[in-house]
Amino acid sequence: MSLLSSLQSQFSIDGVASIVNCSDDFPVIQISNSYADASIALDGGQVLTFQPKLQQPVLWLSKKAIYKPGKSLRGGIPVCWPWFSDHPTEKSFPAHGFARNHRWQLEAIEQQTDQSTLVRLTLPASDATRNLWPQPFELELKVVVGTELSVSLTMTNLSDHPCTMTSALHTYLQVGDIREIVISGLDQTPYMDKVQDFSLFEQQGNVRFSGELDRIYQNTRSDIIIHDGVLKRQLKIAKSGSLSTVLWNPWVNKSAAMNDFEEDGYQHMLCVEAANAADDIIQLQPAQSHCLQTVLSVLDQHA
Ligand code: BG6
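Residues numbered from 1 in each chain as written. Predicted model: local features only at pLDDT ≥ 70, side-chain atom pairs only at ≥ 80, totals over all residues. Heavy atoms only, no water.

**Quick notes on the pairing of strand E19 (residues 269-276)**
Filter applied, for reference: Burial classes: relative accessible area under 20% of the type maximum marks a residue as buried, over 50% as exposed, and values in between as partly exposed (1.4 Å probe, protein chains only). Helix and strand definitions follow DSSP, with helices as H or I runs of at least four residues and strands as E runs of at least two, each counted in order from the N terminus. Each pair of strands is called paired provided DSSP finds at least two bridges between the two strands.
Most of E19 sits out of view: 8 of its 8 residues are buried. Going residue by residue along E19, you find Met269, Cys271, Glu273 and Ala275 tucked away on one face and Leu270, Val272, Ala274 and Asn276 tucked away on the opposite face as well. In this sheet, E19 lies alongside strand E11 (residues 167-174) in antiparallel orientation, the contact comprising 8 bridges. The residue bridging Thr171 from the neighbouring strand is Val272, located in E19. Note: strand E18 (residues 244-249) against E19, 5 bridges, orientation antiparallel. Opposite Thr245, over in E19, you have Ala274 as the bridge partner.

Listed below in structure tokens is the structure:
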């Protein structure tokens, strides 16, 4: 029996959940319930799409995204773990860790009593992951598709010594026009500016975009609201288990240099990442767990 047919017979739910190959050897879970449609790739444990019924897509997914095992897709919600950005000491290791480049295992798809749908995935260790991260670990992703989209990443240290790690739920959001976007929730928050040599600044008022922006906001638990006058909606990004929020838009030149970024795609996307990044390092004792969660919702259709 092929992987796809065995997943389909074990996990599909009539009228709600199915597993399809969205390109050669690229299984994707498709959810459609009373609240929303969503899709999740086993490769990377990556939520690709989330669209509440009768609304526009919440997540941005590049039209030039490459559907290939071992390569993180441009868009949706890549999982960055066990390090965010570059590895602290090994410069040849992949950026943003390895969780986004490996195939996850589907553990369960369940209808909840409120008719939302829970999908549970885990990342198995392999020789390839052990070469990059020898410590035994457990990594679980829970995605709940309802009126909101909830994504929770639980990391557990299964080794016999303390471990440190960083992480992010690297959420690509769909926006009408990046130049018109206003972000609230970060006033007076300190941030590290990657575009200005990692210098430290403090946010004054709302965030607006007029060029490349790549910042780690620090010491913040706040919800972020994206006010989108073009799509006429407000998106709320709530989080827990995170003291850092990353904002990213590559703008013209950086996006043009990426082969999986559609032309002018930067105008219609924005990353708001619930993270443990920079000084927000997670230290786990043996058997200890940490849960990083982000919850996305459309507040209303009038920005
Ligand atoms: C962001 C980083 O989180 O991810 C940026 O802050 C980086 O510096 C971006 O360019 C995209 O990374 P990647 O590896 O997916 O191209």
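**Comments concerning the site of the ligand**
As a reminder, the rule being used: For this description, a residue counts as near a given molecule or strand if any of its non-hydrogen atoms is within 4 Å of it. Polar contacts, as counted here, are pairs of nitrogen or oxygen atoms within 3.5 Å of one another; within protein the pair requires one atom able to donate a hydrogen and one able to accept it, and residues that are adjacent in sequence qualify only if both atoms are side-chain atoms. All accessible areas in this document rest on Shrake-Rupley with a 1.4 Å probe, and a residue is counted as covered only by the protein chains that are shown.
Taken together, Arg74, Phe84, His96, Arg100, His170, Lys194, Asp214, Val246, Trp248 and Glu273 are the residues near the ligand. Within the side chain of His96, a nitrogen or oxygen atom sits 3.1 Å from an oxygen atom of the ligand. In this structure, an oxygen atom belonging to the ligand sits 2.7 Å away from a side-chain N or O atom of Lys194. When the ligand sits alone it has 400 Å² of accessible area, and the protein chains cover 80% of it.

**Structural notes on the packing of aromatic side chains**
Counted only if it meets this: Side-chain rings of Phe, Tyr and Trp, where Trp is taken by its six-membered ring, are said to pair if the distance between their centres is within 6.5 Å; with planes under 30 degrees apart they count as stacked, over 60 as edge-to-face, and otherwise as tilted.
For the coordinates displayed, the defined rule picks out 14 aromatic pairs. Ring geometry for Trp81 against Phe98: centres 5.9 Å apart, planes inclined by 80°, an arrangement best described as edge-to-face. Of this pair, Trp81 sits in the loop between strand E5 (79-80) and strand E6 (105-111) while Phe98 sits in the loop between E5 and E6, placing them 17 residues apart in sequence. For the pair Trp81 and Phe98, one class covers both residues: buried. When the centroid spacing of 6.2 Å and the interplanar angle of 80° are considered together, the rings of Tyr172 and Trp248 count as edge-to-face. You can see Tyr172 sitting in strand E11 and its partner Trp248 sitting in strand E18, a full 76 residues away along the chain. Comparing Tyr172 with Trp248 shows no difference in burial state: the two are buried. Ring pairs connect the aromatic residues Trp81, Trp83, Phe93, Phe98, Trp133 and Phe137, which therefore count as one cluster.

**Observations regarding the nonpolar core**
Rules: We define a nonpolar core as any set of buried Ala, Val, Leu, Ile, Met, Phe, Trp, Tyr and Cys residues linked to one another through side-chain atoms lying within 4.5 Å. Note on contacts: a residue pair qualifies if any of its non-hydrogen atoms lie within 4.5 Å across the two residues.
With 74 residues, the main nonpolar core has Ile29, Trp81, Leu106, Leu149, Ile183 and Ile226 as its most contacted residues. Dropping the residues within four chain positions of it, Ile183 is found in contact with Asn206, Val207, Phe209, Ile224, Ile225, Ile226, Leu247 and Leu270. In terms of nonpolar packing, the next biggest core, distinct from the first, is built from 8 residues, Cys80, Ala168, Met192 and Ala275 among them.

**Brief notes about empty space enclosed by the protein**
Counted only if it meets this: Using only the protein atoms, space was sampled on a 1 Å grid; points where a 1.4 Å probe fits but cannot get out form cavities, open sets with protein on both sides within 12 Å along at least five of seven lines form pockets, and lining residues are those with an atom within 4 Å of a point. Grid points are joined across faces, edges and corners, and a volume is the space filled by probe spheres set on the points. Three residue categories are used. Nonpolar comprises Ala, Val, Leu, Ile, Met, Phe, Trp, Tyr, Cys and Pro, charged comprises Asp, Glu, Lys and Arg, and polar comprises the others, including Gly.
Overall, the coordinates contain 1 cavity of 30 Å³ or more when judged by the stated rule. A volume near 40 Å³ is recorded for the largest cavity. Of all the secondary structure elements, the ones that give two or more residues to the lining of the largest cavity are strand E17 (233-240) and E19. Looking at side-chain class alone, the lining of the largest cavity contains 5 nonpolar, 3 polar and 2 charged residues.

**Topic: the sheet that holds strand E4 (residues 46-52)**
Picture the strands of a sheet paired through backbone hydrogen bonds; they go either parallel or antiparallel. What counts here: For every element, the axis is a line fit to its C-alpha atoms; helices are fit only across the contacting stretch, and the angle between N-to-C directions ranges from 0 to 180 degrees.
With respect to topology, 4 strands assemble into an open sheet ordered E1-E2-E3-E4, the strand pairing being antiparallel. Strands at the two margins of the open sheet, each flanked by one partner only, are strand E1 (17-21) and E4. Averaged over neighbouring strand pairs, the angle between their axes works out to 15° when direction is ignored. Against the sheet, helix H1 (residues 3-11) engages E1 and strand E2 (27-32), with an angle of about 175° to E1.

As far as function goes, none of this settles anything; it's purely spatial.
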